Number of protein chains: 2
Amino acid sequence: MNDEMRRFLRRCTTVALLGILLCGFAGRSALAQSDPLPSWNEGAAKKSITDFVARATTQGGADFVPADQRIAAFDNDGTLWCEQPVYFQLAFAFDQVKAMAPQHPEWKTTQPFKALLDRDMKAFAASGEKGLLQIMAATHTGMTTDEFSKAVLGWTASARHPRFNRPYTELIYQPMLELLAYLRANGFKTFIVSGGGIEFMRPWVEKVYGIPPEQVVGSSGIVKFQMDANGKPELMKLDKIEFVDDGPGKPVGINRFIGRRPIFAFGNSDGDLQMLQWTAAGPGARFAGIVHHTDEVREYAYDRQSKIGKLDKAWDEAERRNWTIVDIKRDWKTIFPEAGRR
Amino acid sequence: MNDEMRRFLRRCTTVALLGILLCGFAGRSALAQSDPLPSWNEGAAKKSITDFVARATTQGGADFVPADQRIAAFDNDGTLWCEQPVYFQLAFAFDQVKAMAPQHPEWKTTQPFKALLDRDMKAFAASGEKGLLQIMAATHTGMTTDEFSKAVLGWTASARHPRFNRPYTELIYQPMLELLAYLRANGFKTFIVSGGGIEFMRPWVEKVYGIPPEQVVGSSGIVKFQMDANGKPELMKLDKIEFVDDGPGKPVGINRFIGRRPIFAFGNSDGDLQMLQWTAAGPGARFAGIVHHTDEVREYAYDRQSKIGKLDKAWDEAERRNWTIVDIKRDWKTIFPEAGRR
């Protein structure tokens, strides 16, 4: 080894050691300073989450859960994203009626389509549940899965929420985004378990929540495999309900799609009650949480009397069972991500 | 920096450099020597697999596929494990009738149970499809999902295959285990898409194939959420078919459970035809493969005339479309893993 080489090596060593020292410092100070849930105010709700994750991930601890069993299930409407003034999937359906109207001249004179096109919500309301189902069928079926997926992505890119004037996919809860990331960083696999349509969520959930399409459980219609006119296979969406992933359907959907019982679940309404019960009733460490919408200034305030996202029985059960109740006004520093961040 | 420190640093550098050099050598020689598919004979089938994986994973190449779209779907019966002399799930059902008989004294005098208990296969055959459905209902329903899972694991631990005298979960194909691992090492997510029961597979697939329960698509019965006598939630398996994941049901099941079209699929029978068509018809790089059972000495030989795992239309389509056809006798060095390895 000549002198030049020696000098070179010495310099490398010094640089490397400095690097290691610096990394060590940075790492430690990052650990000390970084809060994985910065949009959560300090309090019982936040503490119950971080305490649970610490218990579930502490090797050798009484409540340790092996990584492959760290399944976390989240409702979507009202839990991960806003659900007012109407479920966003309904807003999509209404917008689609307008978008599809040029191909359906008969809608100008046929209810309930006419009412929607005329923005006559009173006439539309008069068409009742039957009218709603007609709108859902017209906008969600009679097309291939690929065509529907394109329609959904077209809508998420262009539609704006009437109050916040932002894309619907930006009206997601920043504290819940942090919670999803925090759980994943701790070895959890995060799933959506929603009453909403599975095909409506899958096109955008990966980009918006970091949850891949195969980790989405939702309601579905019958889909049929067939060959198109050119002999190319396609999947056609039929006007027939297959599965309703709501209420007692949620633990059933979890069993069918995930095949393991979650150890962590979050919801916000009575439609999540059975999912929370199923999650909480398993052995070992368990977390059940409810988002309570209490902030009409920054978002919305609703619970027992609401037609959308009614929180009544699940609230009573949460009190009785000592589940975590997140009070948005009290517990969340921010509601939505900064505009344009998504 | 004093001399001692300098000497120490120099020693560190030398050791580190040696380490890097050694790693480099070891890495290169490991790469040069290690064959990810050692149980596959060299030939067109093996080459079509490794060529496809190279194309799909070469960044900047014309056929590059981003990791999140590398979905691989495998049939189970006859593709990942043996399916003769009867589908293993049927063997489970027959064994369960014997195991459950003490709790069902009436079976001693009731067909088709009596025939099975008497080992009178002629009488059992006479009961036809109706008899088979009765056996499936009695052994697969009227119990909770937890109870069923325990029964399956009891059976996989104790039952032995009549010809090979080994646990059924050891009668898996070593070359396919290597293929699953090879795909996963190349960023693929591996799924089972089987006509078999989803609840029958999930308890053991992770240990046996390295595929987690949530990556299993299969046939299913209706499951009901209810509270047991102690007010504890449970999922009860009802005697009603929910979904048949076979033939045209396979692309439907893929759409419902995975939500993305696979780029790689392997099957062995006409029940896999539509899954292979659906996979092959997508844009970009695609792989469709069929296992042809040609080795009656080491395993079984059957195709167009077989009642189990009939391979007829899918074979013709494979020839027409230039899909990969694996001839077990010619292409596989070994069939099953060494005894006791699993």
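The notes below deal with the structure included here. (Residues numbered from 1 in each chain as written. Chains lettered and ligands numbered in written order. Predicted model: local features only at pLDDT ≥ 70, side-chain atom pairs only at ≥ 80, totals over all residues. Heavy atoms only, no water.)

With an RMSD of 0.0 Å, the operation that places chain A on chain B is a rotation of 180° combined with a shift of 0.0 Å along the axis. The two molecules are tied by a two-fold rotation axis, judged by turn and shift. Residue Phe-257 of chain A, judged by its C-alpha, is the member of chain A lying nearest the rotation axis, at 3.2 Å. With an isologous cut-off of 70% or more, the 98% of interface residues of chain A that recur at the interface of chain B puts this contact in the isologous class. (Least-squares fit on C-alpha atoms with pLDDT ≥ 70 in both. Contact = heavy atoms within 4.5 Å.)

Another point: the side chain of Arg-70 of chain A. Residues and elements named next belong to chain A. Its location among the elements puts Arg-70 in the loop between helix 2 (44-57) and strand 1 (71-74). Buried within the structure, Arg-70 lacks any salt-bridge partner; Asp-68 is the closest side chain of opposite charge, at an N-O distance of 7.7 Å. Engagement of the side chain of Arg-70 in a polar contact is seen with the backbone oxygen of Val-65, the distance being 2.8 Å. With residues near it in sequence (within four places) discarded, Arg-70 still touches Ala-56, Thr-57, Phe-64, Val-65, Asn-186, Gly-187, Phe-188, Lys-189 and Ile-263. (Helix = DSSP H or I, 4+ residues; strand = E, 2+ residues; numbered from the N terminus. Buried < 20%, exposed > 50% of the residue type's maximum accessible area, 1.4 Å probe, protein only. Lys, Arg positive; Asp, Glu negative; His and termini not counted. Salt bridge = Lys/Arg side-chain N within 4 Å of Asp/Glu carboxyl O. Polar contact = N/O pair within 3.5 Å; in protein donor to acceptor, adjacent residues only side chain to side chain.)

With that out of the way, let us pick up the interface of chain A and chain B. In this assembly, 45 residues from chain A lie in contact with 45 residues from chain B. For the pair chain A and chain B, the summed buried area comes to about 3,800 Å², and 56% of that belongs to carbon and sulfur atoms. When residues of chain A are sorted by the area they lose upon contact with chain B, Glu-214, Phe-225 and Arg-256 of chain A head the list and together hold 20% of the total. At the boundary of chain A with chain B, the tally comes to 12 salt bridges. The salt bridge partner of Glu-199 of chain A is Arg-256 of chain B, with a shortest N-O separation of 3.5 Å. Connecting chain A to chain B are 24 residue pairs in polar contact (both at pLDDT 80 or more). Per-class residue counts for the side of chain A that touches chain B are 19 nonpolar, 10 polar and 16 charged. (Buried area = accessible area lost by both parts, 1.4 Å probe. Nonpolar A, V, L, I, M, F, W, Y, C, P; charged D, E, K, R; others polar.)

On to the side chain of Asn-255 of chain B, then. As for its placement among the helices and strands, Asn-255 of chain B is situated in helix 10 (residues 249-258). Note on Asn-255 of chain B: relative accessible area 10%, which makes it buried. Non-local contacts of Asn-255 of chain B, meaning those with residues more than four positions away in its chain, are made with Thr-145, Glu-199, Arg-202, Val-223 and Leu-235 of chain A.

This part covers unusual backbone geometry. The omega torsion of the bond from Gln-84 of chain A to Pro-85 of chain A falls at 0°, within 30 degrees of zero and hence cis. Checked against the element boundaries, Pro-85 of chain A lands in the loop between strand 1 and helix 3 (88-100). Geometrically, the link from Gln-111 of chain B to Pro-112 of chain B is a cis peptide bond, its omega value of 0° lying close to zero. With respect to the helices, strands and loops of the structure, Pro-112 of chain B is situated in the loop between helix 3 (88-100) and helix 4 (113-117). Unusually for a residue other than glycine, Arg-119 of chain B sits at a positive phi of about 55°. Mapped onto the fold, Arg-119 of chain B is located in the loop between helix 4 and helix 5 (121-126). When its relative accessible area of 66% is taken as the criterion, Arg-119 of chain B is described as exposed. A positive phi angle, close to 50°, is found at Asn-165 of chain B, a residue other than glycine. Topologically, Asn-165 of chain B is positioned in the loop between helix 7 (145-158) and helix 8 (174-185).

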